[in-house]
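An overview of the molecular structure
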Amino acid sequence: MGELVDKIKGNVNEAIGKVKQNSDNPETQADGAAQEAKGKAQQMGGSVKGALGDKV
């Protein structure tokens, strides 16, 4: 179950990050890039949990 939750959270963070990067505010753009990277990391964590089981 943790795998699915991590992947969903990752997708949401990645999508929000992409939207923020389209802002005119440079600070918001930087925050969006960081949030997109966080989302990708969460997806990676979900994939690892899927491969190793939810014991990670």
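Notes on the structure in this doc start here.

What counts, and where the lines are drawn
Residues numbered from 1 in each chain as written. Predicted model: local features only at pLDDT ≥ 70, side-chain atom pairs only at ≥ 80, totals over all residues. Heavy atoms only, no water. Patch = residues over 30% accessible without salt bridge, like charges linked within 9 Å, V, L, I, M, F, W, Y side chains within 5 Å. Areas by Shrake-Rupley, 256 points an atom, 1.4 Å probe, with all protein chains shown as cover. Salt bridge = Lys/Arg side-chain N within 4 Å of Asp/Glu carboxyl O. Helix = DSSP H or I, 4+ residues; strand = E, 2+ residues; numbered from the N terminus. Contact = heavy atoms within 4.5 Å. Buried < 20%, exposed > 50% of the residue type's maximum accessible area, 1.4 Å probe, protein only.

A separate point is a nonpolar patch on the surface. On the surface, a nonpolar cluster with roughly 340 Å² of combined accessible area is contributed by L4, I8, V12 and I16. Mapped onto the secondary structure, I8 falls in helix α1 (residues 2-21).

Here we take up the side chain of E36. With respect to the element layout, E36 can be found in helix α2 (residues 26-52). With residues up to four places along the chain from it excluded, the contact list for E36 reads N13, E14, G17, K18 and Q21.

On to the environment of G50, then. Here G50 shows up in helix α2. G50 gets classed as partly exposed once you look at its relative accessible area, which sits at 34%. Taking the C-alpha atoms as reference points, G50 and K7, separated by 43 residues in sequence, lie 10.0 Å from one another.

Just geometry here; none of it tells us what the structure is for.
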